[in-house]
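# Notes for the structure review
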Amino acid sequence: MYINLEKSKKQLAFSLIEMLITLFILTFGLLGIAGIMLLSFGNNQDTITRSQASILMHDMTERMRVNMIGVKNNAYINIDTRNIIADQNCESATCDNLQMATYDIKNWKDNIENLISGYATIACIDNDNSDTDVCSDSGMRTSPHRITLFWSQNNTPQQIIKE
């Protein structure tokens, strides 16, 4: 029985080249998939932060909805959480509506700093400039409030506004 060794060597070398090319292509494919996964993880973090900001926004609107007397007495206007230094504790003590508003804002500020490392502002959009009240309509309703959350994501300023 005769075996042609020359032909076998050529075939062996050819399959080695094929294997190196396949390995090269596979390596670049896996590196591309890894890059896409890293990008996806970064986008997931952005989405989580935006969701937390949205929940924080909803939290303050609910606090204001519950304390309408505090809203009507303008306890929730011209707020910048960077300037809040309150030690009001309405969980262990009885508070009036203005104290409750201060307590709400302080808790909200702490949540904002802990969850999204940002700050917030609350302003009133006065619909009735003819009266002396900064934040009321002529029909004894309160004017809409503008709540804005600010934070930084990947060194890019972000914000959510709710009126």
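Residues numbered from 1 in each chain as written. Predicted model: local features only at pLDDT ≥ 70, side-chain atom pairs only at ≥ 80, totals over all residues. Heavy atoms only, no water.

## Observations concerning the packing of aromatic side chains
What the rule picks out here adds up to 2 aromatic pairs. Pairing Phe24 with Phe28 gives two aromatic rings, centres 4.7 Å apart and planes at 75°, and the pair type is edge-to-face. Here Phe24 pairs with Phe28, and both are found in helix 1 (residues 5–66), just 4 residues apart, close to one helical turn. A single burial state applies to Phe24 and to Phe28, both of which are exposed. (Phe/Tyr/Trp six-rings, centres within 6.5 Å; stacked < 30°, edge-to-face > 60°. Helix = DSSP H or I, 4+ residues; strand = E, 2+ residues; numbered from the N terminus. Buried < 20%, exposed > 50% of the residue type's maximum accessible area, 1.4 Å probe, protein only.)

## What about the state of the cysteines?
Within the structure shown, the criterion is met by 1 disulfide. What pairs with Cys90 in a disulfide is Cys95, and their sulfur atoms sit 2.1 Å apart. Handedness of the Cys90-Cys95 disulfide follows from its S-S torsion of about -105°: it is left-handed. Judged by relative accessible area, Cys90 falls into the buried class, the value being 14%. (Disulfide = S-S within 2.5 Å.)

## Digging into the confidence of the model for the protein chain
Averaged over the protein chain, the pLDDT score is 81; the fraction of residues at 70 or greater is 82%. Of all helices and strands in the protein chain, the one with the weakest mean pLDDT is strand 4 (residues 156–162) (79), whereas helix 3 (residues 97–115) scores best (89). (pLDDT = per-residue confidence, 0-100.)

## Concerning the sheet that holds strand 1 (residues 79–80)
Taken in spatial order, the 4 strands of this open sheet run 1-2-3-4, and their pairing is antiparallel. Each of the sheet's edge strands pairs with one partner strand only, and the pair in question is strand 1 and strand 4. Two strands pair when backbone bridges link them, and strand 1 and strand 2 (residues 119–124) are joined in this way by 2 bridges, in the antiparallel orientation. Across the sheet, the residue bridging to Ile79 is Ile122, located in strand 2. (Pairing = 2+ DSSP bridges.)

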